[in-house]
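# Close look at the chain arrangement
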Amino acid sequence: MPVGNALAMRDAIKARGIAVDTHLYAAGGHGFGISRAAGKPVAVWPEAWLAWARSKGQA
């Protein structure tokens, strides 16, 4: 997915007054297994998601 699409979606969400966090990674791809993320900046996303979920009382 081109990054512009993700940013447009974020802007649309924010325009509705909904809180949103956006994390852009230099490398990592989309739709890959977690083992293929090892050693790439995107490898931190599971912990980032878990921290977000905990902050929302969801984990």
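All values derive from a computational prediction rather than experimental measurement. (Residues numbered from 1 in each chain as written. Predicted model: local features only at pLDDT ≥ 70, side-chain atom pairs only at ≥ 80, totals over all residues. Heavy atoms only, no water.)

## With respect to the confidence of the model for the protein chain
When pLDDT is averaged along the protein chain, the result is 84; 88% of the residues meet or exceed 70. Put simply, helix H2 (residues 34-37) is where the protein chain has its lowest mean pLDDT, 76, and helix H1 (residues 3-15) is where it has its highest, 93. (pLDDT = per-residue confidence, 0-100. Helix = DSSP H or I, 4+ residues; strand = E, 2+ residues; numbered from the N terminus.)

## Looking at the pattern of salt bridges
Within the structure shown, the criterion is met by one salt bridge. One salt bridge connects Arg10 with Asp11, and the closest N-O pair in it is separated by 3.4 Å. Relative accessible area serves as the criterion here: at 25%, Arg10 is assigned to the partly exposed category. (Salt bridge = Lys/Arg side-chain N within 4 Å of Asp/Glu carboxyl O. Buried < 20%, exposed > 50% of the residue type's maximum accessible area, 1.4 Å probe, protein only.)

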